[in-house]
Amino acid sequence: MEKVAPIVSLVGRPNVGKSSLFNALLKKKQSLVSKVAGTTRDRHYDNLFFDDENFCHLIDTGGFFASENSNTPFYKELFAEVEKALEESDLILFVVDATVGLHPIDKEIVNLLRKKEKEFWLVINKVDHHSKENELFEFFSLTDKYFLTSTAHTKGIESLKDNIFHFIKELPHAGLPKIENSIAILGKPNVGKSTLLNALLGEKRAIVSDVAGTTLGPIEETFYIDQECYKIVDTAGLRRKSKVEDELEELSFNAALKTIEKVDLVLFIFDGFLEEISSHEKRLLDTILEQGKSLILCFNKMDLDVNKEKIEQELERASWLHFTEKVFFSAKYDNNLDSLKKTIKRVFKYLYQTVPINKVNTCIEDALLHYPQKSIKIKYSLQIKKKPPTFLCFCKKPELLDNNIKAYISNSLRKVLRYPSTPIRVFFREKA
Ligand code: GDP
């Protein structure tokens, strides 16, 4: 697994409740099974979010031998899993079963865990209402850092999660990364937004269909392009397939506005049968750009017999969208999605650039040389913000500058600094 965030692993014998604990921590009904890059085994893993931005990777190491019955010699694999967890994790949660008591294998696992100086906590699971503390006494001898949980009664889960957060926050080397790359998928119903979401999430597709029809608050899903992590914000509307309302009606327009505010990039989806960009779509597209968000125009269902010429004609008419990247693909058949991923990556790469002050000034000076109105003089300029890219130009009497020159400078900066698909903001200040 590519380490982007700290790793917390669940280890323990089969049937002690690792998967239930994994799901309880993630607040999921069913765990995901995903292939971890670089291994041939199936393991359960997901990102455990502590708040909007902070997360760690949570791995349930049990998947490999969960189907084995206890007569088969699975211990070799179990110990191999513990060794691996010791290698890659920042924290190990060693899960034991309160109802069966201390198993000889549990003692062996603890011996293994103690050998390395890796933080491990004992999670005594299945501590239901009737469990008596004195029955758990033998577990307490293993370590003094233990938690009592009952996944069946959601007992002790929040406290465990809080402790994980506090532990991880203090890690000197790892810290908690923030996923700063946030994306929204917008567009009319049936253009293929959910299909694209599934395609981007890849093996996580199961979750999307699992929760279809349920009412969920804002949801964030993460996916990777190469080693970069991206979050897709507020996919709730995408998942609620039963809610077949017109998403571009007023109500969902407001929901879309809220989503736009939260993200850096919008993937705006049309299908290949686009004839005309509707007024609703125009309103949304305008808002995206006014808010300084990056925008990629996506044309889906290109596997069908679509009229690409019609699309090109409509795009030609929409001159205000000329600077945005256009990507044509088929989400359903994963056709040309690589091109979309590359474009997403490129948009963010440029969003994070810091433009040296002399580069900004040279760019504006050069641009003004080619501007018909020679009297305009900018004293100096600098970048004041990255997302959205914002520049400040100092000049005499900025109130006399019209929108043409403002748009001209903004376009020149975008071209020279090669910002793909991103509106550039330029402000002018008085400098005598
Ligand atoms: P949403 O309402 O925008 O989320 O659209 P969905 O993702 O639910 O897709 C609507 C329909 O279009 C479904 O029947 C999909 O299977 C189909 N669809 C989505 N993407 C493609 C595609 O690339 N090609 C084809 N042929 N059908 C697609």
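For clarity, every value in this text was computed on a predicted model and none was experimentally measured.

Engineer: Even after reading the chapter, I still don't get helix H2 (residues 75-88), so can you show me in this structure?
Structural biologist: Two residues of an α-helix separated by three or four positions point the same way, owing to the 3.6 residues in each turn. Taking 1.5 Å as the rise per residue, H2 with 14 residues should run 20 Å; its terminal C-alpha atoms sit 20 Å apart, in good agreement. Of all the positions in H2, only Leu 78, Phe 79, Glu 81, Val 82, Ala 85, Leu 86 and Glu 88 are classed as buried.

Engineer: Teacher, can you tell me more about the packing of aromatic side chains here?
Structural biologist: The description of two aromatic rings rests on the distance between their centres and on the angle between their planes. Scanning the model with the defined rule gives 13 aromatic pairs in all. Ring plane angle 20° and centroid distance 4.9 Å describe the contact between Phe 299 and Phe 328, whose orientation is recorded as stacked. Of this pair, Phe 299 sits in strand S12 (residues 294-300) while Phe 328 is found in strand S13 (residues 325-328), placing the two residues 29 residues apart along the sequence. Here Phe 299 matches Phe 328 in class, with each residue buried. Grouping aromatic residues by their ring pairs yields a cluster made of Phe 268, Phe 270, Phe 299 and Phe 328. Here Lys 145 stacks its cationic end above the ring of Trp 121, 4.7 Å away from the centre of that ring. The aromatic ring of Phe 323 is capped on one face by Arg 414, whose charged end is 4.0 Å from the ring centroid.

Engineer: Got a minute to help me understand unusual backbone geometry in this structure?
Structural biologist: Outside of glycine, negative phi angles account for most residues, and trans bonds account for most peptide bonds. Put simply, Lys 387 and Pro 388 share a cis peptide bond, and its omega is -5°. Counting through the fold element by element, Pro 388 comes out in the loop between strand S14 (378-385) and strand S15 (390-395). The backbone of Lys 126 shows a phi angle near 65°, a positive value even though the residue is not glycine. Topologically, Lys 126 is positioned in the loop between strand S6 (120-125) and helix H4 (137-140). Classification of Lys 126 by relative accessible area gives partly exposed; the value is 26%. Positive phi values are uncommon outside glycine, yet Thr 154 reaches one of about 40°. Mapped onto the fold, Thr 154 is located in the loop between strand S7 (146-148) and helix H5 (157-169).

Engineer: Mind showing me how you'd approach the pairing of strand S10 (residues 228-233) here?
Structural biologist: Note on strand geometry: in a regular strand, side chains alternate between the two faces of the sheet. With five of six residues buried, S10 lies mostly within the body of the structure. Both strand S8 (residues 182-187) and S10 contribute to a ladder of two bridges, which runs parallel. In the sheet register, Ile 183 faces S10, and the bridge partner there is Ile 232.

Engineer: Looking at this model, I keep getting lost on helix H13 (residues 357-369). Mind explaining?
Structural biologist: For H13, built from 13 residues, the straight-helix expectation of 18 Å at 1.5 Å per residue is met to within 8% by its first-to-last C-alpha distance of 19 Å. Among the residues of H13, Val 360, Asn 361, Cys 363, Ile 364, Ala 367 and Leu 368 are the ones counted as buried. Down the axis of H13, the buried set is contained in an arc of 160°. They therefore lie on one face. For H13, exposure combined with an orientation more than 90 degrees from the buried face picks out Asn 358 and Leu 369. If you follow the buried residues of H13, they end up packed against S14, S15 and helix H14 (403-417).

Rules used in this analysis
- Residues numbered from 1 in each chain as written.
- Predicted model: local features only at pLDDT ≥ 70, side-chain atom pairs only at ≥ 80, totals over all residues.
- Heavy atoms only, no water.
- Helix = DSSP H or I, 4+ residues; strand = E, 2+ residues; numbered from the N terminus.
- Expected span 1.5 Å × (residues − 1).
- Buried < 20%, exposed > 50% of the residue type's maximum accessible area, 1.4 Å probe, protein only.
- Phe/Tyr/Trp six-rings, centres within 6.5 Å; stacked < 30°, edge-to-face > 60°.
- Lys NZ or Arg CZ within 6 Å of the ring centre and 35° of its normal.
- Pairing = 2+ DSSP bridges.
- Arc of directions from axis to C-beta.
- Contact = heavy atoms within 4.5 Å.

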